[in-house]
Amino acid sequence: MNTPDTSAAEAHPQFAEALRELGLDIEIRRFPEATRTAAEAAAAIGCELSEIVKSLIFEADGVPVLVLMDGSSRVDVDLVREELGAGKVKRAGADLVRETTGYAIGGVPPFGHRTRTRVLADRGLLDHDVVWAAAGTPHTVFPLDPKTLIGHAGGTVVDVREQSA
């Protein structure tokens, strides 16, 4: 495991500003290798895959929505569609993700976005005392308790995890 830098200055400037506005003083860890995927992040941090928070942007009838999901699970788009009462739900493309959040895929944090979107947080995140999420870049992560993280994201706790057969 690499020794990360832990300065808040390591966060993406937009995310660092969001932390200041929220009055959050949290540890930001920067890793020399990318933590773009949940598996890479878990390996770098030394935590369980399910303790990673994936911040995923979907399009529900053309409107961006953020889904927070644990790193070991997949989002069931049919459950998202039902939850939102939408006709069609699909993963957003890279351009829409950046336009909506201000961040590139692989570094999207759960809050501190350019625009306000509806947020669905899968209930499975609450199974942990601490979860880890991207801090605005593919090299940075931060720990937070899931209730606080979901609260700052303005998330609604729902069941949108794909069930294994």
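Anything mentioned here points back to the structure above.
Residues numbered from 1 in each chain as written. Predicted model: local features only at pLDDT ≥ 70, side-chain atom pairs only at ≥ 80, totals over all residues. Heavy atoms only, no water.

**Q** Give me the lowdown on the overall build of the protein, citing residues and values where you can.
**A** Helix and strand counts for the protein come out as five helices and eight strands. Ordered by position from the N terminus, the helices and strands of the protein form the series α-β-α-β-β-α-β-α-β-β-β-α-β. What you see for the protein is a C-alpha radius of gyration of 15 Å, in line with the 15 Å of a compact globule of 165 residues. Each of the 165 residues in the protein was classed as buried or not, and the buried ones make up 50%. Considering only residue pairs separated by 6 or more positions, the protein has 62% of its internal contacts joining residues 24 or more positions apart. Between the averaged position of the 17 positive side-chain charges in the protein and that of its 25 negative side-chain charges there is a distance of 5 Å. (Helix = DSSP H or I, 4+ residues; strand = E, 2+ residues; numbered from the N terminus. Rg over C-alpha atoms; globule rule 2.2 N^0.38 Å. Buried < 20%, exposed > 50% of the residue type's maximum accessible area, 1.4 Å probe, protein only. Contact = heavy atoms within 4.5 Å. Lys, Arg positive; Asp, Glu negative; His and termini not counted. Charge placed at Lys NZ, Arg CZ, Asp CG, Glu CD.)

**Q** A description of the nonpolar core should follow, citing residues and the corresponding values.
**A** Grouped together as the largest cluster of nonpolar side chains are 28 residues, with contacts concentrated most on Phe15, Ile28, Leu68, Phe111, Phe142 and Leu149. Listing elements by their share of this core, those giving two or more residues are helix 1 (13-22), strand 2 (52-60), strand 3 (63-70), helix 4 (94-101), strand 5 (118-122), strand 6 (131-134), strand 7 (140-144) and helix 5 (146-153). When neighbours within four sequence positions are excluded, Leu149 is seen to be in contact with Val53, Leu68, Pro110, Phe111, Val131, Ala133, Phe142 and Leu144. Counting residues in hydrophobic clusters, the runner-up holds 13 residues, among them Phe58, Val67, Met69 and Val158. (Core = buried A, V, L, I, M, F, W, Y, C linked by side-chain atoms within 4.5 Å.)

**Q** I'd like to hear about the pairing of strand 7, residue by residue, with values.
**A** On any regular strand, side chains alternate: one points to one face of the sheet, the next to the other face. Of all five residues in strand 7, five are buried; the element is thus mostly enclosed. Burial along strand 7 is two-sided: the face carrying Thr140, Phe142 and Leu144 and the face carrying Val141 and Pro143 are both buried. Looking at chain direction, strand 1 (residues 29-30) and strand 7 are connected through two bridges and run antiparallel. Each bridged residue has a counterpart across the sheet, and for Arg29 the counterpart in strand 7 is Val141. Two elements, strand 6 and strand 7, share four bridges in a ladder whose sense is antiparallel. Bridged to Trp132 within strand 7 is Pro143. Connecting strand 6 to the antiparallel partner strand 7 that follows it, the hairpin turn spans five residues, and Gly136 within it adopts a positive phi of roughly 100 degrees. (Pairing = 2+ DSSP bridges.)

**Q** Help me get a handle on helix 3 (residues 77-84), residues and values and all.
**A** For helix 3, the capping residue at the N-terminal end is Asp76, with a side-chain oxygen 2.9 Å from the backbone nitrogen of Asp78. Gly85 sits one or two residues past helix 3 and shows a positive phi near 65 degrees. (Polar contact = N/O pair within 3.5 Å; in protein donor to acceptor, adjacent residues only side chain to side chain.)

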